Amino acid sequence: MKINLRFAPVTLALSVAAALLFGCSKDIVGEGQKPTRMYLGTSTEEEAAQMAECTSTQMNAYVVFDGDSGESIGIYNDRAQWSSDNPSVVLVSDGTTPSPDGTVYAVGTIVALRPGVATISASYLDFHAAITVDVSEMSGLRIDSDLTDIGAQLDQAFVLKAVLSEGSPEQDITASAAWRFDPATSQAYVDSATGLVHANSETGGQNLRLVARLPECDREVSTSFRVSPVQALQIDYERGADVVALPEGFSESFTVYASFADTSAPRQNVTTQMTVDEIDDDYIAATLGEDAYYVTADDRVGSGRLELSLDPLDLKITTKSWQVQDSTLIDLQLTPDDLRITYPDTGQLIATGTFDNGLVMPVTRHVSFTSADAEVLTVGGGNDTAGEVTTTNTDANVEVSASITVDDDTYEDSVTVRSYANRYAN
């Protein structure tokens, strides 16, 4: 059985935890049972695996026992003797010998160093097992950020992404990298394990170079930015600053940005660094998502707004005043009705509600989505992923429905999403 493996490299902390776990494999030889065979795999028996260079995963040595009570299986990583016939392509950890960058991985961890093929073997008593690992070239390695400036005294997360096999979705491998500034600087600090940058002081227009390095295969990529003073805070609203009507029980999102003197510089999203100082909580409630605030109208007619502050810079901003209305939903429409998605891309569905006072607004976060074939196509819910459509690598037409019940009345609509396979994707 051939299984594609797409795992980010194991961190040292996880490796230690895994070593402790597998080091406690239960010895069931003394319980009247005898070993009958051995096999390798990540969770089930596998004869071959595919990996991308610069990645790693935990390979397990399973020993099968037979006895009076039937068959049982134990993980014997720490008792097996591991080897690789091509360690320059794939090395396997014995739990004590450091890898090329000095990391000690858990016993049985396999690390793909560069493209090629290697056979990983393990032996226990008179039993032997092997798995062939085919390592493909990683592509599209990049630091995901279009920022040319970040604000002094503020934090900014940077994300490392890569395509692990041709045609597959881009994956976040941020935690797999070692992050640093080159040359080293006191004007900013980066967490070497997470890529989170804290800007200490302005750089006077000079760029800092941030580097993300994948240690095992010695691949790296960089991005540059300035640390600049923040000129102002700005709020972007889901429906615009002038639309203030908000029906009871429904919500709107907004995002706070820091802008710079260079008006061509992309703004920095500082929403998660904002503190809510005041809120008219008789009328509205506020919830912080991944990179946006969500304001929901309570069941009481009136007006409400928020006051927020960016504490490190002692900057404040006030939102628009939402007018909470006792209006009733009378129609629901799901768009687009011709959504087409080629794997591994994702799509977005929008549920739009019409109310009895003539207001028309997105209500995507408030509907329930149903896919006619959830094994092929799924639709996200909740604040941050509502309406996001993901598919498998299959040609299919799948009906998606959205529904919402208000005051015992149910409104629903459906569309057909067309999913297309990508012949380059595994």
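Residues numbered from 1 in each chain as written. Predicted model: local features only at pLDDT ≥ 70, side-chain atom pairs only at ≥ 80, totals over all residues. Heavy atoms only, no water.

A. Fine view of the overall build of the chain. For the chain, the count of helices and strands is two helices and 42 strands. With the C-alpha coordinates aligned to their principal axes, the bounding extent of the chain is approximately 80 × 60 × 40 Å. Looking at the 426 residues of the chain, the share that counts as buried comes to 45%. Across the chain, every contact between residues at least 6 apart in sequence was considered, and the portion connecting residues at least 24 apart equals 59%. Accessible surface computed for the chain: about 20100 Å², of which carbon and sulfur atoms make up 45%. In the chain, the 24 positive side-chain charges and the 64 negative ones have mean positions that sit 7 Å from each other. (Helix = DSSP H or I, 4+ residues; strand = E, 2+ residues; numbered from the N terminus. Buried < 20%, exposed > 50% of the residue type's maximum accessible area, 1.4 Å probe, protein only. Contact = heavy atoms within 4.5 Å. Areas by Shrake-Rupley, 256 points an atom, 1.4 Å probe, with all protein chains shown as cover. Lys, Arg positive; Asp, Glu negative; His and termini not counted. Charge placed at Lys NZ, Arg CZ, Asp CG, Glu CD.)

B. Representation of the sheet that holds strand E12 (residues 139-144) in the model. Across the sheet, which stays open at both edges, the three strands sit in the order E12-E15-E16 with antiparallel pairing between neighbours. Strands with a single pairing partner mark the edges of an open sheet, and in this sheet they are E12 and strand E16 (170-172). Here the average twist between neighbouring strands, direction ignored, is 25 degrees. Strand direction decides the pairing type here: strand E15 (residues 159-163) and E16, joined by three bridges, are antiparallel. (Pairing = 2+ DSSP bridges. Axes fitted to C-alpha atoms, helices over the stretch in contact; angles between N-to-C directions.)

C. The arrangement of the nonpolar core in detail. In this structure, Phe254, Met274, Leu349 and Val417 are the most contacted members of the largest nonpolar core, which totals 51 residues. For this core, the leading source of residues is strand E41 (residues 396-406), giving six residues. (Core = buried A, V, L, I, M, F, W, Y, C linked by side-chain atoms within 4.5 Å.)

D. Examining the pattern of salt bridges more closely. For the structure on display, the rule yields 17 salt bridges. Of the charged contacts in the structure, one is a salt bridge between Asp144 and Arg142, with a shortest N-O distance of 3.2 Å. Its salt-bridge partner being Lys320, residue Glu252 comes within 3.0 Å of it at the nearest N-O pair. Residue Glu252 is located in strand E24 (residues 251-260), and its partner Lys320 is located in the loop between strand E31 (315-318) and strand E32 (322-325); the two are separated by 68 residues in the primary sequence. According to the relative accessible area criterion, Glu252 is buried, its value standing at 0%. Because the salt bridges share partners, they merge into one network encompassing Arg142, Asp144, Lys161 and Glu170. (Salt bridge = Lys/Arg side-chain N within 4 Å of Asp/Glu carboxyl O.)

E. Examining the pairing of strand E28 (residues 293-297) more closely. Burial of E28 is extensive: four of the five residues sit out of reach of the surface. Relative to E28, strand E27 (residues 284-288) runs antiparallel, the two sharing five bridges. Within E28, the position partnered with Ala286 by the bridge is Val295. Taken together, E27 and the strand that follows it, E28, pair antiparallel across an intervening segment of four residues.

F. Layout of a negative patch on the surface. Negative charge collects at one region of the surface, where Asp299, Asp326, Asp356, Asp407, Asp408 and Asp409 lie side by side. Position of Asp299 relative to the elements: it lies in the loop between E28 and strand E29 (302-304). (Patch = residues over 30% accessible without salt bridge, like charges linked within 9 Å, V, L, I, M, F, W, Y side chains within 5 Å.)

G. The state of the cysteines, seen in detail. Within this structure, the stated rule accounts for one disulfide. Each disulfide pairs two cysteine sulfurs, and for Cys54 the partner residue is Cys217, the sulfurs being separated by 1.7 Å. Here Cys54 and Cys217 share a disulfide; its torsion about the S-S bond, 105 degrees, makes the bridge right-handed. Placement of Cys54 in the loop between strand E3 (48-52) and strand E4 (56-58) and of Cys217 in the loop between strand E20 (208-214) and strand E21 (219-228) is noted, with a sequence separation of 163 residues between them. (Disulfide = S-S within 2.5 Å.)

H. Structural view of the confidence of the model for the chain. Mean pLDDT over the chain stands at 90; residues scoring 70 or higher make up 92%. Contacts from residues 1-30, a stretch scored under 50 in pLDDT, to residues over four places away or in other chains number 68 contacts. (pLDDT = per-residue confidence, 0-100.)

I. Inspection of the sheet that holds E31 at higher detail. In spatial order, the strands read E26-E30-E31; together these three strands make up an open sheet with antiparallel pairing. Looking at the sheet topology across the chains shown, the edges are occupied by strand E26 (275-279) and E31. Recorded for the sheet is a direction-independent mean angle of 25 degrees between the axes of neighbouring strands. Inspection of the sheet shows strand E30 (residues 306-310) paired to E31 by four bridges, in the antiparallel sense. Bridging across to E31, Leu310 finds its partner in Leu315.

J. Fine view of the side chain of Ser259. Along the chain, Ser259 falls in strand E24. Take Ser259: its relative accessible area is 11%, and that puts it in the buried class. Beyond its immediate stretch of four places on either side in the chain, Ser259 contacts Val230, Gln231, Ala232, Gln234 and Arg267.

K. Looking closely at the environment of Thr416. Following the sequence through the fold, Thr416 ends up in strand E42 (residues 409-420). Taking the C-alpha atoms as reference points, Thr416 and Met59, 357 residues apart in sequence, are found 41 Å from one another. Every residue in contact with Thr416, bar those within four places of it in the chain, is listed here: Asp337, Leu339, Asn397, Val398 and Glu399.

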